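Structural description and commentary
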Amino acid sequence: MAALEPTKVLWHNGKLVPWAEATVHVGTHVLHYGSSVFEGIRCYKTEKGSAVFRLDEHSRRLVDSAKIYRMDTGQDAAGIAAACLETIRANEMEHCYIRPIAFRGYHSLGVNPMPCPVELWVMVWKWGAYLGETALEEGVDVKVSTWNRAAPNTMPFMAKAGSNYMSSALIKMEALEEGYSEAIALTTDGFVSEGSGENIFVVRDDVIFTPPVHSSILPGITRDSVITLARDLGFEVRQTPLPRETLYIADEVFFTGTAVEITPVRSIDRIKVGEGQRGPVTEQLQRHFFDIVKGRSEDPYGWLTPVYAQEADAEEASFAGEASSV
Ligand code: PPE
């Protein structure tokens, strides 16, 4: 993975701070106890200017995650969305990944996080293909992880919390060490859950299946977008617990997520998925998804928030005719 490239500024509790000054003390609560919640959002360069994908839904999920952990960030969803837009504009990004993060700051150490002030930051950076350059077209080789996702009422997976990602890191490191791009984790009772940073979908006989929220998944916003797109394209979509072996007998399997977008899975545990290449349902969903996020087609769901709205006319002129491909 490429090293972070500094941008000009980060947003911190309402102020813009230069990149090099965006630091914390080693005594900061989050470093010891993982007390953070965060989001990952993409800003796309569209044919009508830069636009953020589902900004309101991501902002709302951050509010929800903070509420689960009794954190007061000082911002509601509208405030978080505004902070994201301000950070993109201050850094003059055309396209980027946006990471708002709230964490328990510096005051005292000990498990109780309540005395520690909550800090809210937004950083942005350029993030390309998540599972490699060829993944979107050719698909990825994955395994079923030996690590399960945590059971319900252990860690709240509906919160996008930093601490959940120690589970993800175990899943990811095992996969990479064994020569796979990614791994799929099961729930503690053996049903399919999700990848280390992605939701998963299975296609069989043109019916699309995905694990339900109670299968220890993060309720992904890309997952929700794909369910909406698929239903509007006429597919039946079922959110139902999936036994592990449904992965091996699927016609198609694909991951969804902000970073991974829609990425086909071509083998699982060295067993070919379908023909061992991107399938037609995955391709159709990718085409509709990328047409919307890149502004090549209408945005019937209102999923895009323009970043430089006041410059919309100028943006339209400068981006006109610039076709980008998946
Ligand atoms: N499950 C997990 C565990 C997860 O981390 C993500 C996003 C998803 C599902 C999909 O959610 P959504 O982005 O709302 O569709 N993972 C983010 C972070 C990846 C990282 O390495 O950091 C992402 O895709 O941005």
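This part takes up the packing of aromatic side chains. Overall, the coordinates contain 10 aromatic pairs when judged by the stated rule. An angle of 50 degrees between the planes, with centres 5.0 Å apart, marks the rings of Y97 and W125 as tilted. Of this pair, Y97 sits in strand β6 (residues 96-104) while W125 sits in strand β7 (residues 118-125); the two residues are 28 residues apart in sequence, bridging distant segments of the chain. As far as burial versus exposure is concerned, Y97 and W125 are alike and both buried. Ring geometry for F201 against F254: centres 5.0 Å apart, planes inclined by 5 degrees, an arrangement best described as stacked. In this pair, F201 is assigned in strand β11 (residues 199-204) and F254 in strand β14 (residues 252-257), connecting sequence segments 53 residues apart. Exposure remark for F254: the relative accessible area of 0% places this residue in the buried category. Three or more aromatic residues joined by ring pairs make a cluster, and in this case those are F53, F289, F290, Y301 and W303. Over the ring of F157 we find R149, and its NZ or CZ is 4.5 Å from the ring centre. Above the plane of the ring of Y130 lies K172, whose end atom (NZ or CZ) is 5.6 Å from the centre.

With respect to the helices, strands and loops of the structure, T256 is situated in strand β14. Once residues within four sequence positions are removed from consideration, T256 is found in contact with E198, N199, F201, T222, R223, V226, E261 and I262.

With that settled, the discussion passes to the site of the ligand. Among the 22 residues in the neighbourhood of the ligand, the closest are listed as Y97, Y130, Y165, T222 and T258. Separating a nitrogen atom of the ligand from a side-chain N or O atom of K160 is a distance of 3.4 Å. Contact between the ligand and T258: an oxygen atom at 2.5 Å from a side-chain N or O atom of the residue. In the complex, 93% of the free accessible area of the ligand, which totals 550 Å², lies under the protein chains. More than half of the atoms of the ligand fall within 2 Å of the grid points belonging to the largest pocket.

Pairing between side chains of opposite charge can happen when the charged atoms of each approach one another. Inspection of the entire model under this criterion finds 15 salt bridges. Ionic pairing is found between K8 and E92, a salt bridge with its closest N-O pair at 2.8 Å. Of the two residues, K8 sits in the segment before β1 (9-12) while E92 sits in the loop between α3 (77-90) and β6, which places them 84 residues apart along the sequence. Of the residues examined, E92 reaches a relative accessible area of 58% and is grouped as exposed. Look at the salt bridges and you will find they share partners, linking R54, E57 and D224 into a network.

Turning next to the confidence of the model for the protein chain. This prediction gives the protein chain a mean pLDDT of 94; 95% of its residues lie at or above 70. The model gives residues 317-326 a pLDDT under 50, and that stretch makes 19 contacts with residues more than four places away or in other chains.

What follows deals with the pairing of strand β4 (residues 41-46). Buried residues dominate β4, accounting for five of its six residues. Sheet analysis places β4 next to β6, joined by three bridges and oriented antiparallel. Residue pairing across strands places R42 opposite Y97, the latter belonging to β6. If you look at the hairpin formed by β4 and strand β5 (residues 49-53), you'll find two residues sitting between the two strands.

A word on the pairing of strand β9 (residues 182-186). Buried residues dominate β9, accounting for five of its five residues. Side-chain alternation along β9 places E182, I184 and L186 on one buried face and A183 and A185 on a second face that is also buried. In terms of strand pairing, strand β8 (residues 140-144) meets β9 through three bridges, oriented parallel. Bridge pairing in β9 places V142 opposite E182. Hairpin remark: β9 followed by strand β10 (residues 192-195), antiparallel, with five residues in the connecting loop; positive phi at G190, about 90 degrees.

Each value, and the rule that gives it
Residues numbered from 1 in each chain as written. Predicted model: local features only at pLDDT ≥ 70, side-chain atom pairs only at ≥ 80, totals over all residues. Heavy atoms only, no water. Phe/Tyr/Trp six-rings, centres within 6.5 Å; stacked < 30°, edge-to-face > 60°. Helix = DSSP H or I, 4+ residues; strand = E, 2+ residues; numbered from the N terminus. Buried < 20%, exposed > 50% of the residue type's maximum accessible area, 1.4 Å probe, protein only. Lys NZ or Arg CZ within 6 Å of the ring centre and 35° of its normal. Contact = heavy atoms within 4.5 Å. Near = heavy atom within 4 Å. Polar contact = N/O pair within 3.5 Å; in protein donor to acceptor, adjacent residues only side chain to side chain. Areas by Shrake-Rupley, 256 points an atom, 1.4 Å probe, with all protein chains shown as cover. 1 Å grid on protein atoms, 1.4 Å probe; cavity = no way out; pocket = protein on both sides within 12 Å on 5 of 7 lines; lining within 4 Å. Sits in = over half its atoms within 2 Å of the grid points. Salt bridge = Lys/Arg side-chain N within 4 Å of Asp/Glu carboxyl O. pLDDT = per-residue confidence, 0-100. Pairing = 2+ DSSP bridges.

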